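So you can see what is in the structure, the chains are spelled out below.
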Amino acid sequence: MSQKVAGVKGMNDLLPGEIEIWQHVEGLAREVFGRFGYGEIRTPVVEDTALFVRSVGEETDIVGKEMYTFMDKGERSLSMRPEGTAPAARAYIEHSINTQEPLTRWFYMGPMFRYERMKTGRYRQFYQIGAEAYGAKEAAQDVEMMDVVVQFLERLGLKDITLNVNSLGDEACRPTYHAKLVEYLQSRREELCGDCQKRMEKNPLRVLDCKNPKCQAIASAGPNVLESLCEPCRAHFDDVQRKLTALNIQHVVNPRMVRGLDYYTRTVFEFIASHPALGTASTVGGGGRYDKLVKSLGGPDTPAVGFACGLDRLVLLLKESGQQFAVRPDVFVAVADAGSHDAAFTLASHLRRDGLRVEFDTRGGSLKSQMKRADKSSAHFTLVLGEAERTSGQAKLKPMAGGELIPVALDAVAQTVRAQRGVSA
């Protein structure tokens, strides 16, 4: 007997019974983002490795430790995308979108890849839903982006999620904060983990993003980034908070939050869930402003802001919510005798063409076994087709939730089912 080939660790199959939740989330994302004027884009799963080195940052864990990188047959270094913002920015530049419209709003959804330690809600192939807006430097665009997430989470019915906001400053004031941070970290260098001792030299903000509890405690006692903001950055962050308040969006100012990517400037934000289903993986989404990314990748000087939500984590929360997501068949067509199989098969096809969700067991079998399958399918109705029904052109719909049989003409099954369910054609 041949040995079974298992799936790759950290890359999961999504099967019927669960995929309906994913489809529900994706459908609501398209609905909410569409209300805000965001159009969907799809970028390749594989990109030039240099794209992520230049955007995400060579010293980040993502680039340094987690990317799936390989040489193709043309001796080019390629990487499976670890996040969605850099590919979107590359597409924005490559297709000269700035020459076509002054303000561009995009959203995306799809798989990302990082070789990282797995835990609840964190996998090596994971899925994100995100959005990007190019061309607006105003705080209103930052807040609109957060409003998109708030309304999306509300439509999902998720609660107990807190919005954290911060400002990282820009090229004018961040060096001042960096100097203060490095001076503080140097004073406690020996207490930091080995990775943070290296980060401190090349990118001290990464120390604030370390997951080591001891490093987190040290960072929390360090200088406050908000105290080093220049006047324009302070005014921008104050405007962000005013507009959040105007929209009645509850938020917490968290000066220790930096996010894990190098391209952010000024506003950053995270949505933190308080739910045991996620364990320690409590961030369900986050993002911020990245005004210099497009230019750093060879494009025009374009302000931008974006976010991404972890679809895997949203699905975990929805599983715990008690909501029902399975789509029930409208009718199960059962066959009473072998001579009626072709007629039932044809009827099922016609009903599907007429817009109904129809279950039909192509194997046939005893009527008793078919009725068991009908019950298991959770169909709203069952219709049994035999010689008597074929001859008379009349049948009966059996409500699977209980109730009286409903007479129906075979040429009016779809209309009758819709009428009984209160659904229009």
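Refer to the structure above for everything that follows.
All of these numbers come straight from a predicted model, not from anything done at the bench. (Residues numbered from 1 in each chain as written. Predicted model: local features only at pLDDT ≥ 70, side-chain atom pairs only at ≥ 80, totals over all residues. Heavy atoms only, no water.)

Draft legend 1. Representation of the overall build of the chain. Scanning the chain for helices and strands turns up 15 helices and 16 strands. Relative to a compact globule of 425 residues, whose C-alpha radius of gyration would be 22 Å, the chain shows 27 Å and is clearly more extended. Referenced to the eigenvectors of the C-alpha coordinate spread, the extents of the chain come out at roughly 90 × 60 × 45 Å. Summarising the internal contacts of the chain: among those between residues at least 6 apart in sequence, 69% fall at separations of at least 24. Carbon and sulfur atoms form 50% of the exposed surface of the chain, whose accessible area is close to 21100 Å². Where the 55 positive side-chain charges of the chain centre and where its 54 negative ones centre are 3 Å apart. (Helix = DSSP H or I, 4+ residues; strand = E, 2+ residues; numbered from the N terminus. Rg over C-alpha atoms; globule rule 2.2 N^0.38 Å. Contact = heavy atoms within 4.5 Å. Areas by Shrake-Rupley, 256 points an atom, 1.4 Å probe, with all protein chains shown as cover. Lys, Arg positive; Asp, Glu negative; His and termini not counted. Charge placed at Lys NZ, Arg CZ, Asp CG, Glu CD.)

Draft legend 2. Up close: the pairing of strand β10 (residues 283-289). β10 sits mainly inside the fold: six of its seven residues count as buried. Where β10 lies against strand β11 (residues 304-310), five bridges are found, and the strand directions are antiparallel. Counterpart to Gly288 in the pairing with β11 is Gly306. (Buried < 20%, exposed > 50% of the residue type's maximum accessible area, 1.4 Å probe, protein only. Pairing = 2+ DSSP bridges.)

Draft legend 3. Region of the structure containing the pattern of salt bridges. Scanning the entire structure with this criterion turns up 24 salt bridges. Linking Lys319 and Glu18 is a salt bridge whose minimum nitrogen-to-oxygen distance equals 2.9 Å. Taken together, the positions of Lys319 in helix α11 (residues 311-320) and Glu18 in the segment before α1 (19-35) put the pair 301 residues apart, joining distant regions of the chain. Since its relative accessible area comes to 41%, Lys319 is described here as partly exposed. Exposure remark for Glu18: the relative accessible area of 24% places this residue in the partly exposed category. We note a salt bridge from Arg188 to Glu191, for which the minimum N-O separation is 3.0 Å. By relative accessible area, Arg188 is classed as partly exposed at 25%. Via salt bridges that share partners, Arg30, Glu40 and Arg42 belong to a single interconnected network. (Salt bridge = Lys/Arg side-chain N within 4 Å of Asp/Glu carboxyl O.)

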